[in-house]
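# Architecture and fold: a report
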Amino acid sequence: SPAGRRMCPLGWLGVASLCLGTLWAVPAKDRRKEEKPKAELSLFENLELDNYEPTLDNYGDILDLSNYEELYDYGDLVPKIEVGTLAPRPQDPKTVPELRETTAGTPKLQPPSGAGPVSPAPIPGQGELWLPSCLPCLCLGSSVYCEDAGLEQVPALPPHTAYLYARFNRIGAVRARDFAGLEKLTHIDLSSNSISWADADAFRLLPRLQELLLPQNALRALPELPRSLVHLDVRLNRIPSAGLRPEAFRDLKQLQFLHLSDNQLDFIPVPLPESLRSLHLQNNNIQTMHEDTFCDSQDQGQIRRALEDIRLDGNPINLSLFPNAFFCLPRLPTGRFS
């Protein structure tokens, strides 16, 4: 009927008002909960916390950091480093002040006098400190390194030198002036050079020299030696017995290692000091020996305990012909016994 049709719009209007009233009746706190996005709950859907007991065994299974880098972007936090292609221009050595004593009284490193050409080199990051390097060698403290430097003579050395390493050069001779005044020198290594002769006083006046290494040279005579010597190595030279001074080793009371192998010796150089521990004479031309070479034939109770290493192999001598020469030794020499 016309009256009924007029009431329907009014009815729908009442229903809408009732729904709106119900919605606004919900507290604001509850509305905020409902408005929270449900998408965040998806992060926790796979977590089962009923039996969650972290231990050392399952710790790695519980924490999965494989996607950790995807959650955070540290790109903006990484410092930007600019890499240059050229090193800073070095300071002009001419503008560097001479190295003298500092105001605090502590002397800086400065090139020793008489050390030949010197080229100071700065320590990286410390432009005020300089290390002396004696060309063509390298000086570090009391050691001088000149190995494989093409030298034809012994270079001028700083007065405080204690160790000289000059192997693999072309040095042809050693002169007395080469080591004059080097009272702190304890070690000389001139292996693998071309040394054919040395002045008589080339080494004798060195009061602290303990090691003299001259193997693989062309020496035909051995100069006088200092009494402080402990180790002498002149293997692979051309020294005959006539190239040794009479009783050359008698006064070397501290000598322990005497290596004369691969030379041209005809006999064993005697007397040998009691301090001797190692005597290498292999590959010479020794054919005989005296009964008193190692032992005192008049003292049958003598025991020479220190001398345990004697090598005579490579010589034509038959050691079995000289049994009385070995009775005082703790060990028989190495060589031919038949």
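The structure this text deals with has already been given above.
Because the structure is a prediction, the values reported are computed rather than measured. (Residues numbered from 1 in each chain as written. Predicted model: local features only at pLDDT ≥ 70, side-chain atom pairs only at ≥ 80, totals over all residues. Heavy atoms only, no water.)

Let us now look at the sheet that holds strand β4 (residues 143-145). Reading across the sheet, the 9 strands line up as β3-β4-β5-β7-β9-β10-β11-β12-β13 and stay open at both edges, with mixed pairing between neighbours. With partners counted over all chains shown, the strands left at the sheet margins are β3 (138-140) and β13 (309-311), one partner each. In this sheet, adjacent strand axes meet at a mean angle of 10 degrees when their direction is disregarded. For strand β10 (residues 231-233) and strand β11 (residues 257-259), the ladder comprises 3 bridges, and the chain directions are parallel. Along β11, the bridge assignment pairs Asp 233 with His 259. (Pairing = 2+ DSSP bridges. Helix = DSSP H or I, 4+ residues; strand = E, 2+ residues; numbered from the N terminus. Axes fitted to C-alpha atoms, helices over the stretch in contact; angles between N-to-C directions.)

What follows is about the packing of aromatic side chains. Taken as a whole, this structure holds 4 aromatic pairs when the rule is applied. Plain terms: the ring middles of Tyr 145 and Tyr 165 are 5.2 Å apart, the flat faces sit at 10 degrees to each other, and that makes the pair stacked. Here Tyr 165 lies in strand β5 (residues 163-165) and Tyr 145 lies in strand β4, a separation of 20 residues in the sequence. On the basis of relative accessibility, which here comes to 21%, the residue Tyr 165 falls in the partly exposed class. Pairing Phe 294 with Phe 326 gives two aromatic rings, centres 6.4 Å apart and planes at 35 degrees, and the pair type is tilted. Taken together, the residues span a long stretch of sequence, with Phe 294 in the loop between β12 (278-280) and β13 and Phe 326 in the segment after β13 at a distance of 32 residues. The exposure class assigned to Phe 326 is buried, which follows from its relative accessible area of 6%. Among the aromatic residues, those joined into a cluster by ring pairs are Phe 294, Phe 326 and Phe 337. (Phe/Tyr/Trp six-rings, centres within 6.5 Å; stacked < 30°, edge-to-face > 60°. Buried < 20%, exposed > 50% of the residue type's maximum accessible area, 1.4 Å probe, protein only.)

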